Amino acid sequence: MIKLIVTDMDGSLLDDDKNLPVGFMDTLEELRRGGVHFVVASGRSYVSLQHYFSHMEHPPVCICDNGGCMVYRGEVVRARLLPEQKVQKILALRRRLPGLRMTLCCENGTFYESAGPVHDERMHFFYPNATAAEDLEQVRDRAYKIGMSDELEPEKNSMPVLHEMFGDSLSFAMSGERWVDIADAGVCKGEAVALLQRHWGISREETMAFGDHFNDLSLLERAHYGYAMENAVPPLLAAARYTAPSNQVGGVQQVICQQVLQTGAVRSVAAGGE
């Protein structure tokens, strides 16, 4: 019986135009009535996710910033922050290595280094609360994560240096071809899902999850029914137990409807739902 469904947003639940599947709110309501917990797990900050769900009477729990914080009904219910000493050391790499640009995702806003109007527009799409900062090292706000763009390819340029400096005391999540999310040790989507599973008494065998990129690997590992999207990066497709249709055709919703709702593979509220 499926008791928990967790999905990534960009490239998974959302299509390439950043829209939810048609009728998805009705699907969420069916899941809720069946006693199934639905959770969003994204690399985005909550401020860029809230317009999808904040108007709902029963919004989902949102795992944001790749596990850096967890939000329910607009309130941060759990946070894993980067120690300030680590933040400053990471930011200082911009002066040592070429090709780096960084973004601070913090408690009270997102701060980035401007690279012109096109870059600014993209930053404000994904981070509506984004502010261009002249010097990120002067920002006085606690960070959930640092987003690092490396034009010279992270595996060749910045990642070896970061591993030498910090060893296992940081978490790294590739969320784009040249984009790495950096958080404190152990912080990832899967770790946040494990916390919810313990809280709700839900097993891995009762969990379904969807993802499309490297930062979703830990998420799929927490679910027996782990689905890589058809459009996912090849390593995730190879690692996943199942494959869902593309995000462009509402693959997440298709699987939920076919494998959970239509088959009755949900727990009833009378048998222990909310």
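Look above for the structure.
What counts, and at which threshold
- Residues numbered from 1 in each chain as written.
- Predicted model: local features only at pLDDT ≥ 70, side-chain atom pairs only at ≥ 80, totals over all residues.
- Heavy atoms only, no water.
- Axes fitted to C-alpha atoms, helices over the stretch in contact; angles between N-to-C directions.
- Helix = DSSP H or I, 4+ residues; strand = E, 2+ residues; numbered from the N terminus.
- Parallel < 35°, antiparallel > 145°, perpendicular 65-115°, else oblique.
- Left-handed = near helix turned anticlockwise from the far one by under 90°.
- Contact = heavy atoms within 4.5 Å.
- Nonpolar A, V, L, I, M, F, W, Y, C, P; charged D, E, K, R; others polar.
- Buried < 20%, exposed > 50% of the residue type's maximum accessible area, 1.4 Å probe, protein only.
- Pairing = 2+ DSSP bridges.
- Core = buried A, V, L, I, M, F, W, Y, C linked by side-chain atoms within 4.5 Å.
- Salt bridge = Lys/Arg side-chain N within 4 Å of Asp/Glu carboxyl O.

Participant: Explanation requested: the packing of helix H1 (residues 24–33) against helix H9 (residues 251–261) in the structure shown.
Facilitator: To characterise two packed helices, one gives the angle between the axes of the helices and the distance between these axes. Two elements in contact, H1 and H9, have axes separated by 11 Å at closest approach and are oriented at 30°. If you check the angle between H1 and H9, you find them roughly parallel. Regarding H1 and H9, the two cross each other, and that crossing is left-handed. Two secondary-structure elements touch here, H1 through Phe24, Thr27, Glu30 and Leu31 and H9 through Gln253, Ile256, Cys257, Val260 and Leu261. Residue composition of the contact of H1 with H9, by class: 6 nonpolar, 2 polar and 1 charged.

Participant: What am I meant to see in the pairing of strand S10 (residues 170–176) here?
Facilitator: Consecutive side chains of a regular strand alternate in pointing toward one face of the sheet and then the other. The buried fraction of S10 is high, at 5 of 7 residues. With 6 bridges joining them, S10 and strand S11 (residues 179–184) adopt antiparallel strand pairing. Within S11, the position partnered with glycine 176 by the bridge is tryptophan 179. Counted along the chain from S10 to the antiparallel partner S11, the turn is 2 residues long.

Participant: I'm lost on the nonpolar core in this one. Help?
Facilitator: Across soluble globular proteins, you tend to see nonpolar side chains buried next to one another. Counting 30 residues, the largest nonpolar core has Ile5, Phe38, Phe210 and Ile256 as the members making the most contacts within it. Here this core takes 4 residues from H9, the largest share from any one element. The contacts of phenylalanine 38, once residues within four sequence positions are left out, are Ile5, Thr7, Leu13, Phe24, Leu28, Leu31, Pro60, Val61 and Ile256. One finds Ile90, Leu91, Leu136 and Met174 within the second-largest nonpolar core, a separate group that totals 25 residues.

Participant: It is not clear to me how the pattern of salt bridges should be interpreted in this structure. Could you clarify?
Facilitator: When their charged atoms lie close together, side chains carrying opposite charge are able to pair. By the definition in use, this model includes 18 salt bridges. Across the pair arginine 95 and glutamate 137 runs a salt bridge whose closest N-O atoms are separated by 2.3 Å. Here glutamate 137 lies in the loop between strand S8 (130–132) and strand S9 (143–150) and arginine 95 lies in the loop between helix H3 (84–92) and strand S6 (100–106), a separation of 42 residues in the sequence. With relative accessibility at 60%, the residue arginine 95 sits in the exposed group.

Participant: What am I meant to see in the sheet that holds S10 here?
Facilitator: Sheet strands line up and pair through hydrogen bonds in the backbone, either parallel or antiparallel. The strand order across the open sheet formed by 6 strands is S8-S7-S6-S9-S11-S10, and the pairing between neighbours is mixed. Sheet topology places S8 and S10 at the edges, where each strand pairs with a single neighbour. Adjacent strand axes in the sheet meet at a mean angle of 25° when their direction is disregarded. Pairing analysis gives 7 bridges linking S6 to S9, with the strands arranged antiparallel. Opposite cysteine 106, over in S9, you have alanine 143 as the bridge partner. The sheet strands contacting helix H5 (residues 159–166) are S9, S10 and S11, and the helix crosses S10 at an angle near 165°.

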